[in-house]
Amino acid sequence: MGIKQTKGSYEDKFRQLDEILPTPNDYRNAAGEPGKEYWQQQVDYKIDVKLDENKRRLTADQTILYKNNSPYTLKYLWLHLEQNRFKPSSLAERSSVFGGLGQRGPATQGADGKEPAKISFGLLRRQQFYDDNKIGYTISDVKDAQGKKLRFMINSAQMRIDLEKPLLPGASLEFSLKFAFNILEENAVAARAGYEHFPDDKRSGGNDIFLLAQWFPRVAAYSDYEAWHNKEFLGRGEFTLEFGNYDVRMEVPSDHIVASTGVLQNPEQVLSKEQRSRLEKAKSAKRPVFVVTAEEALENEKSGTRKKKTWHFKAKNVRDFAWASSRKFMWDARGYKQEGAEQDLVMAMSFYPKEGGDLWKKYSTEAVVHTMEVYSRFSFDYPYPTAISVNGPVGGMEYPMITFNGPRTKWRKDGSRTYTLAEKRFLIGVVIHEIGHIYFPMIVNSDERQWTWMDEGLNSFLDGVAGREWDPNIPWGVEPRDITDYMKSDLQVPIMTQSDSVLKLGPNAYTKPAAALNILREVILGRELFDFAFREYSQRWKYKRPTPADFFRTMEEASGVDLDWFWRGWFYTTDHVDIALDKIYKLRLDTENPDIDFKRLHQEEKDKPTSLFVKRNREQGKKTWVELNKDIRDFHDKVHRFTPINKERNKYRQKLENLERWEKQALERAIKEDKNYYVFDFSNRGGLVMPILLQLEFADGSKEDLHIPAEIWRRNSKQVSKLIVTEKGRELKSALVDPRWETADVDQENNYYPRRIIPSRIQSYKKKREGFEHRDIMHDIKTELKDPKPNESPKK
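Notes on the structure follow. (Residues numbered from 1 in each chain as written. Predicted model: local features only at pLDDT ≥ 70, side-chain atom pairs only at ≥ 80, totals over all residues. Heavy atoms only, no water.)

**A look at the sheet that holds strand 23 (residues 386-391)**
Moving on, step 1. Across the sheet, six strands lie side by side as 18-21-22-23-25-24; this open sheet has mixed pairing. In this open sheet, the two edge strands, each paired with only one partner strand, are strand 18 (289-292) and strand 24 (396-399). Pairwise comparison of adjacent strand axes, ignoring direction, gives a mean angle of 20° for this sheet.
Moving on, step 2. Two elements, strand 23 and strand 25 (residues 402-405), share four bridges in a ladder whose sense is parallel. Residue pairing in the sheet places Val390 in a bridge with Phe404 of strand 25.
Moving on, step 3. Here helix 5 (residues 273-282) sits on the sheet in contact with strand 18, strand 21 (330-337) and strand 22 (345-352), set at roughly 155° to strand 18.
Moving on, step 4. Across the sheet, helix 8 (residues 421-436) lies against strand 23, strand 24 and strand 25, angled at about 150° from strand 25, the strand it touches most. (Pairing = 2+ DSSP bridges. Helix = DSSP H or I, 4+ residues; strand = E, 2+ residues; numbered from the N terminus. Axes fitted to C-alpha atoms, helices over the stretch in contact; angles between N-to-C directions. Contact = heavy atoms within 4.5 Å.)

Dropping the structure here:
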């Protein structure tokens, strides 16, 4: 009967989640929405920054206006210094391990002790970059609005500024500082930002693409549930910041093109008349229009200049600011119209070098527009004036209005550029994902440092919707079937684990929560309830800072469905889904009418297989004693033991007389209908309670799908039985749990009843001989050393 409940082993999988969620209050109420006293800080920035291309260095003057909207008095401010995270003395670098799980950047092998340690070329490159460059901020002139110096202390990648006098609730503080740092080489350090060098460009010394993010000292968030968010950046858990307004001027070489968060304030000073005309034309174009063409970008990258230009951008109500600069960029744009929205026209734009090629020309900006079309249905209209995709050395990162995306074409010896199907899918997927991040967490401002899944998981769920609406044949990795291997592995930690402690970030923070939400939408709530609740969450927390409790409570409150069992199982445990169909019993109604039941019993007796002994005796022609002595007979030889007799008929009639009228009617109807009664035994082998999706196949070839809610497990989460009744003539042939792989069940084989023959394949192979003694040195020592081809083109 499956897994039995034993004394002391009871576990309530449906226990209410409020026991572990924060208590609702006036800041965040029990419905999961901002409370009547909700508050958050505001931080405005004014920055003048200079890019020294030759030195690969930024220098800047920064002014910050901090408004204390909290009910608390502040004696100091905390700032994040993410460039210091890469200093050898930082907490992140000093606590890094060699090899192992969860490493970002150059790969290492062998640190698990199962094979000799190895150092990759990438790690060597990283170490050499550290040897050759000074890393981290130089910070000076920290002073208030009156020019008075403020005392500050730098601790690794964080900075505390001590205030001259406490900052009262409702008060504001303005202060300024100067900073500078050497820009990291992204391909060497894996810093989520930095420069990429192109040594083979025709310009002497080559060219760079600069992606600038985490580039300025940023005031840490201060919230009602954590106060200062001053957990240091270790490289895994990303960011959470305050909303504010930005006024930024970037001085760059005059032949550079700049892409940035915000709106360009001085197009007349930095763009030609033709470029401004093209940008205007792009607003109403059906397909992207080039503002800087491929030919212009190629010509531009052939030579440099000592002249400078200042690009001026302003951004309202954003939580961060990023930008990119290079003379290699071509630039295309297309207007996306949102009738009746607060931002009725959004400029979707892409910036990319020749290395992006036709792949970027065809798909980048189109993917930006598609993302906004889909995400707006599930959340809110895109509220910013631009949405940008930039190609550079970062594989995929997101910031307000701008994203960095990595896929490219490959240069061939015939001068052409091609791309594989995998690279095409990667570009479309990463653009959708990163543009989607502008909604989550750049607008719905969850804490990435603490709960990666709140932006990556929700965003992966939605990029899976957008991706499958683009092309369902592309494997988007958000289906329940995509997470089963991880869910049965021993490398799991609960989704609610803090970001830096997660063992395998991709499955844990992206795929598993995305698959969970997919199941919640398609299997548990249905699309109408889910979509309403998800949109309600998005709009409640637009430009605000939600926590997991706010998400869980909103989804329950807006859908009207108790989901505590779902959140508890999927997000707080490492249980997996494995529901086994152990047995099916077929029950027949005993009428106790001897004329009916005895006939059936007689037939069941005759249907039993003949014993092997009797079968072989008959095959050998052996006669039984009864057959050889037919002259000896008695009553029992003439009347079989299933013959009904009047005594039993009278007993049956008397029983009918003793029945209540309704009992008699129920029995008579059941005898007339002669339905089939099947009892299904299910066991929960994975621990995670889920609905049972059951497909029944009948003898006539027809099929029927049944949805048994997860609440069937509420009194026994280990084993349950279910009665299923079918009409007369609908004989059950087989049954299958989760026939369409909708619940992330890790073992499909125990879903079949009766069990199927397990499909597999035979692979032929020849074992390779290994070891130095198997090298044919006697023959191979005669091989001549080949010289490099003098006219061979370098790899680009």
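**What to know about the sheet that holds strand 17 (residues 263-264)**
The strands that make up a sheet are held in pairs by hydrogen bonds between backbone atoms, and each pair lies either parallel or antiparallel.
Moving on, step 1. On the basis of which strands lie adjacent, the open sheet formed by seven strands has the order 6-9-2-1-15-19-17 and mixed pairing. Among the strands making up the open sheet, the edge pair consists of strand 6 (138-144) and strand 17.
Moving on, step 2. One ladder, built from six bridges, connects strand 1 (residues 42-52) with strand 15 (residues 244-253); its direction is parallel. Counted as the bridge partner of Val49 is Met250 from strand 15.

**Re the side chain of Glu196**
Moving on, step 1. Along the chain, Glu196 turns up in strand 10 (residues 194-198).
Moving on, step 2. One polar contact links Glu196 to Arg408, side chain to side chain, over a distance of 2.7 Å.
Moving on, step 3. When near neighbours in sequence (up to four residues on either side) are disregarded, Glu196 contacts Asn187, Asn207, Asp208, Ile209, Gly392, Pro393 and Arg408. (Polar contact = N/O pair within 3.5 Å; in protein donor to acceptor, adjacent residues only side chain to side chain.)

**What to know about the side chain of Thr511**
Moving on, step 1. Looking at where Thr511 falls in the secondary structure, it is placed in helix 11 (residues 505-525).
Moving on, step 2. In this structure, Thr511 is in contact with Gly477, Asp482, Ile483 and Gly506, ignoring residues within four places of it in sequence.

**A word on the environment of Lys722**
Moving on, step 1. Tracing the sequence through the fold places Lys722 in strand 32 (residues 719-726).
Moving on, step 2. Through-space distance from the C-alpha of Lys722 to that of Ile584 is 9.5 Å; in sequence the pair is 138 residues apart.
Moving on, step 3. Ignoring anything within four residues of it in the chain, the contact list for Lys722 reads Tyr678, Val679, Phe680, Phe682, Ile708 and Ile712.

**Digging into the nonpolar core**
Grouped burial of nonpolar side chains is what soluble globular proteins tend to show.
Moving on, step 1. Membership of the largest hydrophobic core comes to 196 residues, with the highest contact counts inside it found for Trp215, Trp323, Phe551, Trp570 and Phe680.
Moving on, step 2. Per element, the largest residue contribution to this core is ten residues, and it comes from helix 7 (residues 357-378). (Core = buried A, V, L, I, M, F, W, Y, C linked by side-chain atoms within 4.5 Å. Buried < 20%, exposed > 50% of the residue type's maximum accessible area, 1.4 Å probe, protein only.)

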